Amino acid sequence: MLRARSDDAKDERRLALLNAALDEFFEKGFSATRMADIARRAGLSKGTLYLYFESKDAMFRELIEALAMPNIARIGQIAEAAGSFEQAMNGLARLAPELIRTSDMPRLMKVLIGDAHMFPQIVQHYRTELVERVLSIMAGMLRRAHEAGEIRVESPELTARIVIAPVVLSGIWQAMFGHQREAEVDLDRLFRIHADLVLAALKTGASE
């Protein structure tokens, strides 16, 4: 295998290694995967792999960064750009099915759940860098809408968890059963219903 010399070639090789790592982690579990397995799947030598990543932990951390950060930015942009809470919820309802169907986030979630006890530091990193940041965005959106009189919410922080819960469940469902046609879920409809339910519930008693 020729050595990657340009920055673009190095980035391409790094991405190939990350994709191979996620495939291995998803199929075998984090603890059972060896660095040699990842290198073999990527079509590279183990020595080449170590030029890019010092350990499986380092690879998993970078997977979190590569998969989560762009999606967090998109969620934040929807929350900030919306002119109302209803617009924000409708925007998120359109984004959620896309993330579940087309991104690798569901597979990442399955790996974390399956081997969480084996790498607590990485799980903590996932919680602080992804989960808590999404919850913070949602809580801020809820708080602003409450202060504007659009909705009535007792605890933005706890309500944010209720709003996000169907996304988590749908992601886990997709990772576990997405290959089974009879288990397919109409995600677009599901999240439209969810947005309607949240709006109806939180608008009750608003501005009273």
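Above: the structure in question.
Residues numbered from 1 in each chain as written. Predicted model: local features only at pLDDT ≥ 70, side-chain atom pairs only at ≥ 80, totals over all residues. Heavy atoms only, no water.

(A) The environment of Ala145, seen in detail. Tracing the backbone shows Ala145 in helix H7 (residues 120–147). Apart from the residues lying within four places of it in its own chain, the contact partners of Ala145 are Phe85, Glu150 and Ile151. (Helix = DSSP H or I, 4+ residues; strand = E, 2+ residues; numbered from the N terminus. Contact = heavy atoms within 4.5 Å.)

(B) Region of interest: the nonpolar core. Counting 61 residues, the largest nonpolar core has Phe60, Phe85 and Leu108 as its most contacted members. For this core, the leading source of residues is H7, giving eleven residues. Leave out the neighbours within four places in its chain, and Leu108 touches Leu22, Phe60, Leu63, Ile64, Leu67 and Tyr126. (Core = buried A, V, L, I, M, F, W, Y, C linked by side-chain atoms within 4.5 Å. Buried < 20%, exposed > 50% of the residue type's maximum accessible area, 1.4 Å probe, protein only.)

(C) Structural view of the packing of aromatic side chains. Tallied over the full model, the rule gives four aromatic pairs. Each ring, one from Phe25 and one from Phe30, has its centre 5.0 Å from the other, and the planes form 50°; the classification is tilted. Taking the relative accessible area as the measure of exposure, Phe25 reaches 1% and is therefore buried. Measuring from centroid to centroid gives 5.6 Å for Phe30 and Phe60, while their planes differ by 85°, and the two rings are edge-to-face. One end of the pair, Phe30, is in the loop between helix H1 (7–28) and helix H2 (35–42); the other, Phe60, is in helix H4 (residues 56–81), and 30 residues separate them in sequence. Each of the two residues, Phe30 as well as Phe60, counts as buried. Aromatic rings pair up to connect Phe25, Phe30 and Phe60 into one cluster. Lying across the ring of Phe30, Lys56 places its NZ or CZ 4.6 Å from the centre. (Phe/Tyr/Trp six-rings, centres within 6.5 Å; stacked < 30°, edge-to-face > 60°. Lys NZ or Arg CZ within 6 Å of the ring centre and 35° of its normal.)

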